[in-house]
Amino acid sequence: MSNKVLVTGGQGQLGTELTIVLQEKGFKTHSLGHQKLDITDLDQVHQVFGEIKPDVVCHTAAYTAVDQAETDRDGAFLVNAIGTRNVAIASEEIGAKLVYVSTDYVFNGEKKGAYSEFDFPSPLGVYGQSKYAGEQFVHDFHSKFFIARTSWVYGQYGGNFVKTMLKLAETHEQLKVVNDQRGCPTYTKDLAEKIIELFQTDKYGVYHLSNSGSCTWHEFAKAIFDIKGIDIKVDPCTTEEFPRPAKRPKNSEFEHMALRLNGFEDIKDWRSALESYFKDVSKKDDQKHIN
């Protein structure tokens, strides 16, 4: 059993959730935020990994400001490419398995239908390019890795689309949401569970990990308000109506082919995951009131 796990980016949206789920499952977990571990400093990464000697490294630390990356190319590549190289080298040296969390942005979105792990990446913007460069370094410098590509992530910790929509609904009676980008919303809890299931095997390789099924941002928004019983008008619009510095893939729907071929169960569909998320949030709120 891989019982000692180091999580990079431990304060982030996924890192926080992963840490909690690992601890609940009885793993000895070292969750390191940027203050405790600067992944861009190879000497520091060597030192910290050497002291902790984890069995598994879950590398969730990343530069995720997609639009900012367009003008801060060096910053994005320093963290997502060089930082990932450092983590890969140090993990390999101590014999730890490595899970690198990557993104749907490695694809250009031109494909009709879902992307499998065997489709060739061709990222549109700097963020996707830097994350893909990180994947390459993992291939180059590590022998026991899982590259876990995910998409449209939301959860209880950190900012995300679900929280943004609910906040906007407090002050708006009508919203416009993009309806020509399709992808797979992913609940951090389901993602964390599947990552943990993966690293307890030797079935290394690239995996697409998202909730099953797909939708547009507009359909996602409608589902959020529908489940929450919020009466608000949500109009579809095009990407062109909301110009952003970084290009987004029009289609980043995932096929979970590697899970299937390796005999893993699929991840539950995105809509029931969204319902679970709201249940988890209200459970947490109830506990707050009790305490």
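Note that this is a predicted model, so its numbers are computed, not measured. (Residues numbered from 1 in each chain as written. Predicted model: local features only at pLDDT ≥ 70, side-chain atom pairs only at ≥ 80, totals over all residues. Heavy atoms only, no water.)

### Brief notes about the layout of surface pockets
Defined as follows: Only protein atoms enter the 1 Å grid used here. Points where a 1.4 Å probe fits but cannot escape make up a cavity, open sets with protein on both sides within 12 Å along at least five of seven lines make up a pocket, and a residue lines them when an atom lies within 4 Å of a point. Grid points are joined across faces, edges and corners, and a volume is the space filled by probe spheres set on the points. The helix and strand labels rest on DSSP assignments: H or I over at least four residues marks a helix, E over at least two residues marks a strand, and numbering proceeds from the N terminus. For this classification, Asp, Glu, Lys and Arg are treated as charged, while Ala, Val, Leu, Ile, Met, Phe, Trp, Tyr, Cys and Pro are nonpolar and the rest, including Gly, are polar.
Here the second largest pocket is characterised by a volume of approximately 270 Å³. Elements that contribute at least two residues to the lining of the second largest pocket include exactly helix 6 (161-171) and helix 10 (270-290). No other element matches the seven residues that helix 10 contributes to the lining of the second largest pocket. Tallied by class, residues from the lining of the second largest pocket come to four nonpolar, two polar and five charged.

### Notes on the UniProt feature "domain: RmlD-like substrate binding" (unreviewed entry) in the protein chain
To be explicit about the condition: UniProt positions are given in the numbering used here, feature names are shortened, and annotations may be inferred rather than shown by experiment.
The positions that UniProt labels "domain: RmlD-like substrate binding" (unreviewed entry) are, in the present scheme, residues 4-281. Note that residues 4-281 is 42% helix and 18% strand, and that its end C-alpha atoms are spaced 28 Å apart.

### Some remarks on the pattern of salt bridges
Put simply, the rule is: By definition here, a salt bridge exists when the distance from a side-chain nitrogen of Lys or Arg to a carboxyl oxygen of Asp or Glu is within 4 Å.
This model, assessed by the stated rule, comprises 17 salt bridges. For Lys111, the salt bridge goes to Asp119, with nearest N and O atoms at 2.7 Å. For Lys194, the salt bridge identified is with Glu197, shortest N-O distance 3.0 Å. Here Lys194 and its partner Glu197 are both found in helix 7 (residues 188-199), three residues apart, which amounts to about one turn of the helix. Counted as one network, the salt bridges with shared partners bring together Asp67, Arg244 and Arg248.

### Some remarks on the packing of aromatic side chains
Using the following cut-off: Aromatic rings from Phe, Tyr and Trp, taking only the six-membered ring of Trp, are treated as a pair when their centres fall within 6.5 Å; an angle between ring planes under 30 degrees marks them as stacked, one over 60 as edge-to-face, and anything in between as tilted. Categorising residues by exposure relies on relative accessible area from a 1.4 Å probe, with only protein chains included: less than 20% of the type maximum marks a residue as buried, more than 50% marks it as exposed, and the intermediate range marks it as partly exposed. Put simply, a charge is over a ring when the Lys NZ or the Arg CZ is close to the ring centre, within 6 Å, and near the line of the ring normal, within 35 degrees.
Tallied over the entire structure, the rule returns 17 aromatic pairs. Summarising the aromatic geometry, the rings of Tyr154 and Phe220 are spaced 5.8 Å apart at their centres and angled 55° between planes, so their arrangement reads as tilted. Highlighted residues: Tyr154 in strand 6 (residues 153-154) and Phe220 in helix 8 (residues 217-228), separated in sequence by 66 residues. A relative accessible area of 0% means that Tyr154 is categorised as buried. When the ring of Tyr277 is compared with that of Phe278, the centres are 5.2 Å apart and the planes differ by 55°; the resulting orientation is tilted. Classification of Phe278 as buried rests on a relative accessible area of 10%. One aromatic cluster in this structure is built from Trp152, Tyr154, Phe161, Tyr187, Trp217, Phe220, Trp270, Tyr277 and Phe278. The ring of Tyr115 carries the charged tip of Lys111 above its face, separated from the ring centre by 5.7 Å. Just above the ring of Phe264 sits the side chain of Lys203; from NZ or CZ to the centre is 5.2 Å.

### Considering the sheet that holds strand 2 (residues 28-32)
What counts here: Paired strands, as defined in this entry, are two strands with at least two bridges between them according to DSSP. Axis definition: a line fitted to C-alpha atoms, over the contacting stretch in the case of helices. Angles run 0 to 180 degrees between N-to-C directions. Any pair of residues with heavy atoms lying within 4.5 Å of one another is described as a contacting pair.
The parallel open sheet is built from six strands, whose spatial order is 2-1-3-4-5-10. Looking at the sheet topology across the chains shown, the edges are occupied by strand 2 and strand 10 (205-208). The average undirected angle you get between the axes of adjacent strands in this sheet is 20°. The sheet strands contacting helix 2 (residues 42-52) are strand 1 (4-8), strand 2 and strand 3 (56-59), and the helix crosses strand 1 at an angle near 155°. Set on the sheet, helix 5 (residues 126-141) makes contact with strand 4 (97-103), strand 5 (145-150) and strand 10; between it and strand 4 the angle comes to about 160°.

### Concerning the side chain of Thr84
Tracing the backbone shows Thr84 in helix 4 (residues 73-93). The contacts of Thr84, once residues within four sequence positions are left out, are His59, Val79, Tyr100, Gly134 and Val138.

### Describing the packing of helix 2 against helix 4
Each pair of packed helices can be summarised by the angle the axes make with each other and by the distance between the axes. Short version of the rule: Each helix crossing is assigned a hand: it is left-handed if the near helix lies turned anticlockwise from the far helix by less than a right angle, otherwise right-handed if that turn is clockwise.
The interhelical angle for the contact between helix 2 and helix 4, taken along N-to-C directions, is 35°, at an axis separation of 9 Å. At the point where helix 2 passes helix 4, the crossing takes the right-handed sense. Here Leu42, Val45, His46 and Phe49 of helix 2 lie close against helix 4, whose contacting residues are Asn86, Val87, Ile89, Ala90, Ser91 and Glu93. Looking at side-chain class alone, the contact of helix 2 with helix 4 contains six nonpolar, three polar and one charged residues.

### Overview of helix 8
Note the threshold: Multiplying 1.5 Å by the helix residue count minus one yields the expected span of that helix.
In this model, helix 8 (12 residues) spans 17 Å end to end at C-alpha, consistent with the 16 Å of a helix rising 1.5 Å per residue. For helix 8, the full list of buried residues reads Trp217, His218, Phe220, Ala221, Ala223, Ile224 and Phe225. Immediately beyond the C-terminal end of helix 8, within one or two residues, lies Gly229, with a positive phi of roughly 65°.

### Quick word on the state of the cysteines
Stated formally: Cysteine sulfur atoms that come within 2.5 Å of each other are treated as a disulfide pair.
Taken as a whole, this structure holds zero disulfides when the rule is applied. With no disulfide of its own, Cys215 lies 7.8 Å from the sulfur of Cys184, the closest cysteine sulfur. Owing to a relative accessible area of 0%, Cys215 belongs among the buried residues under this scheme. With no disulfide of its own, Cys237 has Cys215 as its nearest cysteine by sulfur position, at a separation of 15 Å. According to the relative accessible area criterion, Cys237 is buried, its value standing at 4%.

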